[in-house]
Amino acid sequence: MLKLKNINTYYGQVHALKTVSMHLNKGEIVTLIGANGAGKTTILNTISGITPPRDGEILFEGEGIVKLPPDRIVRRGVSQVPEGRQVFKPLSVEDNLELGAYLRYRSREGRGEIRKDLEKVYELFPRLLERRKQMAGTLSGGEQQMLAIGRALMAKPRLLLLDEPSMGLAPLVVQEIFRVLEMLRHEHGTTILLVEQNAKAALKLADRGYVLETGKVILEEVASELLENKEVQRAYLGRDKKEIWER
Amino acid sequence: MAEGRMRGSAAPNNLYFPLTLTLSLREREFSRQYHLKRELLKFAIFTILVLLLPLAAKEGYILNVLVFVGIHSILAIALNLLLGYAGQISLGHAGFFGLGAYISGVLTATHGQNPWLAMCYAAGAVGILAFVIGFPILKLKGHYLAMATLGLGIIIYILFNETVDLTGGPSGLSGIPNLTLGTLTFDNDLKNYYLVWTFTLVAILLAVNLANSRIGRALRAIHDSETAARLMGINARFLKVQVFALSALLCSVAGSLYAHVMTFVAPASFGFNFSVELVTMVIIGGLGSIYGSVLGAAILTLLPELLRAFQDYDIIIYGLILILMTMFLPGGLVSMAPVFMSLLRGRRKQPGGAHAEA
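Residues numbered from 1 in each chain as written. Chains lettered and ligands numbered in written order. Predicted model: local features only at pLDDT ≥ 70, side-chain atom pairs only at ≥ 80, totals over all residues. Heavy atoms only, no water.

Could you clarify how one ought to interpret the packing of aromatic side chains in this entry?
Residues and elements named next belong to chain B. Applying the stated criterion to the full structure yields 17 aromatic pairs over all chains. Consider the rings of Phe46 and Trp197, whose centres lie 6.3 Å apart with planes at 55°: the pair is tilted. Taken together, the residues Phe46 in helix 2 (residues 17–56) and Trp197 in helix 8 (residues 189–211) connect sequence positions 151 residues apart. Residue Phe46 shares its accessibility class with Trp197, and that shared class is buried. With 6.1 Å between their ring centres and 40° between their planes, Tyr193 and Trp197 make a pair best called tilted. Here the residue Tyr193 and the residue Trp197 both occupy positions in helix 8, the gap between them amounting to four residues, near one helical turn. (Phe/Tyr/Trp six-rings, centres within 6.5 Å; stacked < 30°, edge-to-face > 60°. Helix = DSSP H or I, 4+ residues; strand = E, 2+ residues; numbered from the N terminus. Buried < 20%, exposed > 50% of the residue type's maximum accessible area, 1.4 Å probe, protein only.)

Structure (structure tokens):
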């Protein structure tokens, strides 16, 4: 489905991604874990075309997407839920959702299709239906996250990139959101790349995980094994060093 | 706390969900049509107002001022598309206005070209120029964009002054013919009033249409967060350039009208001060409000007539207005409209009545 080969991305002089290679199979949920500044967000932005890599190759469904601008990548079926949600605050909830379908208005499919998908998003997040006329900026953090996910779904992505959807949210809301992700994979076969600080929850949901450190992939493993991995437990799952190594 | 409650309320909501969903979607269709109707109604009322205004203003002098209100309205609307919707500042729009005026002026007065054709040539040329300049310039943001457009405006202004052979330099270009339509020559204030306002009404219709389309929504998205907009699949760079070009093109048409109405153009009308005045019009009226722009243009055109005593110090007063507006009424005058409406409504109905509307 998605394949990154030897990706190098720079911010000016800063070498943010150092020959990163990874892949996602169709229908998989894969999570990226790592500390702040490890390059998790940069990987997502590199895939989306926001920060194109200096060299390396990205194949989506077998075709290279490295040189494409973000709108062409969205058109191919890759949508990102950006870090910190970034909903369009002065616009209504519904305007936000319709913006998610921006490219589809021009394509041949009818507006009826788009309206149906709008219904589906409202079905997924009934809370958004209640608030559809409100300015997105007036929503709570959890609602904004739901809106950001709903907005990305309006583009009908085959690959969904999520950047820290649990950031700053109450545990119950995080559960709700993860439940929706699970459902998306089951019912629509959506492939999901999930960046998370909340490594434990992410690894429980995901099939596989990649561990990033200072711009490099240092570990790739089935999620359940990563949960058991002692080094991962110590570094990312909040276990004490004593608990693990000096028992 | 709010998050916790949210989950609780989601469950009972699901029970009635099929019903609420269909109901609300029907309501949604309805509200869209309602919105469209309201826009049309607004436009119709405004058109009637424009048509009838000359009856109230029999005095030629006032009519003359109203002609300029019309021209300035086109300019303010054009700038509002860029500044109020796409969120990109331009301090060089007087330059595009001037280019329209001078291209029309030179083609008709010096080369005897048909005025209508000249207007089209000018609009095309300015539109293309803005499109080409737009690509590099709109990569800049905020202060840098302001500086770059400021520079552009100044370059154009200097060109008007220095190319004496072509433009007549600082002393201006005279002998520009009036526009004609068949045997009708637009040579007095009343005729010009209807001529200019026809264009203004078309510009309003165009702008309202654009603002309510998916493009308008995309522009507002760019205004809020360009990165997020790009992630939605909006080609933000190209869209900004397109709006910049459209905005410049509208200014050029306003410039052509100005040239033919005045029959004389001089560089002084297209300087930096006027660019600032345009920004003031848009902000006073309200960013992102088309009718607000007309209101802003009207106020800033009528104000100098009232402030005759201050003559050269009027720019200070504009500055003062700009400061006060941004401090106390950042949404512009139109943002006071809902307040007025609710005040009116509050007098007639009980306070609860306003809630049903929302």
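Please explain helix 6 (residues 142–162) of chain B as it appears in this structure.
Since the α-helix advances by 3.6 residues per turn, residues separated by three or four positions end up pointing in the same direction. All names here are of chain B. Here helix 6 contains 21 residues, and its C-alpha end-to-end distance of 30 Å stays within 8% of the 30 Å for a straight helix at 1.5 Å per residue. Taken as a whole, helix 6 has its buried residues at Leu145, Ala146, Thr149, Leu150, Leu152, Gly153, Ile156, Phe160 and Asn161. At its buried positions, helix 6 is contacted by helix 4 (93–110), helix 5 (115–137), helix 7 (164–167) and helix 12 (272–285). (Expected span 1.5 Å × (residues − 1). Contact = heavy atoms within 4.5 Å.)

Explanation requested: the sheet that holds strand 5 (residues 63–64) of chain A in the structure shown.
Within a beta sheet, neighbouring strands are joined by backbone hydrogen bonds and run either parallel or antiparallel to one another. Residues and elements named next belong to chain A. Taken in spatial order, the four strands line up as 2-1-4-5 in an open sheet, and their pairing is antiparallel. On the outer flanks of this sheet lie strand 2 (14–24) and strand 5, each paired with one strand and no other. Pairing geometry for strand 1 (residues 2–11) and strand 2, over seven bridges, is antiparallel. When the sheet's bridge partners are listed, Thr9 is paired in strand 2 with Leu17. (Pairing = 2+ DSSP bridges.)

Got a minute to help me understand the layout of surface pockets in this structure?
To locate leftover empty space, one rolls a probe as large as a water molecule over the atoms. In this structure, the second largest pocket occupies an estimated 800 Å³ of space. Looking at the lining of the second largest pocket, the elements with two or more residues in it are helix 3 (60–85), helix 11 (236–262), strand 4 (264–265), helix 12, helix 13 (290–306) and helix 14 (314–328) of chain B. (1 Å grid on protein atoms, 1.4 Å probe; cavity = no way out; pocket = protein on both sides within 12 Å on 5 of 7 lines; lining within 4 Å. Points joined across faces, edges and corners; volume = space filled by probe spheres on them.)

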